[in-house]
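Coordinates in review
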Amino acid sequence: MSKFYNEIAGKYDFIFPLSPAHKTFFASELRGYTVLDVGAATGNLTDHLLSEGYEVTAIDLSERLIAKAAEKGVTVQQLNMLDIDRLSTFDNIVCIGNTLPHLDSKASVQLFLQKTYRQLTQGGKLVLQLVNFQKYFAQQQGDYLGNLPLIINDKVKFERFYYLNKEGKIIFKTILDDTIENEELLQPIFADELTQWLTKIGFQAINLYGNFKKDLFDKEKSMALIITAEK
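For the structure given in this document, a descriptive report is provided here. (Residues numbered from 1 in each chain as written. Predicted model: local features only at pLDDT ≥ 70, side-chain atom pairs only at ≥ 80, totals over all residues. Heavy atoms only, no water.)

Here's the deal with the sheet that holds strand S2 (residues 55–60)
The line we're drawing: Note: two strands are recorded as paired if DSSP finds a minimum of 2 bridges between them. We count a stretch as a helix when DSSP gives it H or I for four or more residues in a row; a strand needs E for two or more, and each element gets its number in order from the N terminus. What makes two residues a contact is simply this: any of their non-hydrogen atoms within 4.5 Å. The convention used is that axes are lines fitted to C-alpha atoms, helices contributing only their stretch in contact, and that angles between N-to-C directions extend from 0 to 180 degrees.
Strands sit in the order S3-S2-S1-S4-S5-S11-S10 across an open sheet of seven strands; the sheet is mixed. Each edge of the open sheet is held by one strand with a lone partner, namely strand S3 (77–78) and strand S10 (204–209). Running at roughly 150° to strand S5 (residues 120–131), helix H6 (residues 106–119) makes contact with strand S1 (34–38), strand S4 (90–95) and S5 of the sheet.

And the structure:
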């Protein structure tokens, strides 16, 4: 994972900017004062939340993404998301940007969710955002699951494709600016199983959205899956 993100770090903010919809969403969803930003990347969300008065702890694995965050004056700790139990408790834990499927198994995903529950204060909020993989599995042709929308502007061109391997993992292929090619393995996670895991762990008030504008989640049509849950 580090190789992939290290190579796109220089263009990351042009590929994944923080949108007005993000800002409105978090303004309505977060509570209390403390936030753990898991997979903080170049620190865009962390920087925004700090400006809104939150006390934010940010973690990521990519050295170059962390360095880009530092250029903005944002501190991101290099820490594995499965090690969040080394930290204190938080009123909010946020894990967006399709970070969760980078874990290597469903067991690891469930372990992370268990740890988020333990690291949240009572009444605390968990926010997850990932790709709606069910949509892609429904359109599978051979090992090809489809492509994500092309990201192109005057600063960057970013192509993204999904393929399924024999072990049931997603091969995430990307091409940056027609020159830099990469592959990452992702663990597919579906909305129903994620909801079941959260419920079993003890989370309540679980809500599913199809985007940060809070449109209803449609497992057949939504590009994204956003989940909020309370301890």
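Following the structure, the description resumes.
So, unusual backbone geometry
Phi at Ala-41 is positive, roughly 55°, even though this residue is not glycine. Structurally, the position occupied by Ala-41 is in the loop between S1 and helix H4 (44–51). Phi angles above zero are rare outside glycine, and Asn-98 is one such case at about 60°. When you line up the elements, Asn-98 lands in the loop between S4 and H6.

Focus on the sheet that holds strand S6 (residues 144–152)
Working definition: the strands of a sheet are paired by backbone hydrogen bonds and lie parallel or antiparallel to each other. What the four strands build is an open sheet, ordered S6-S7-S8-S9; its pairing is antiparallel. In the strand order of this sheet, the two ends are held by S6 and strand S9 (180–186), each with one partner. Taken over all neighbouring pairs, the strand axes of this sheet differ in orientation by 15° on average, direction set aside. Of the strand pairs in this sheet, S6 and strand S7 (residues 157–164) are connected by six bridges, and their pairing is antiparallel. Across the sheet, the residue bridging to Ile-151 is Phe-158, located in S7.

Some details on the packing of aromatic side chains
Going by this rule: Centre distance within 6.5 Å is the pairing criterion for rings of Phe, Tyr and Trp, where only the six-membered ring of Trp is used; planes under 30 degrees apart are then read as stacked, over 60 as edge-to-face, and the remainder as tilted. A simple rule labels every residue: compare its accessible area, found with a 1.4 Å probe on the protein chains alone, to the largest value its type can have, and call it buried under 20%, exposed over 50%, or partly exposed in between.
Per the stated rule, a full pass over the model turns up twelve aromatic pairs. Between Tyr-136 and Tyr-162 the ring centres are 5.3 Å apart and the planes differ by 80°, which places this aromatic pair in the edge-to-face class. Taken together, the residues Tyr-136 in helix H7 (residues 133–138) and Tyr-162 in strand S7 connect sequence positions 26 residues apart. Note on Tyr-162: relative accessible area 1%, which makes it buried.

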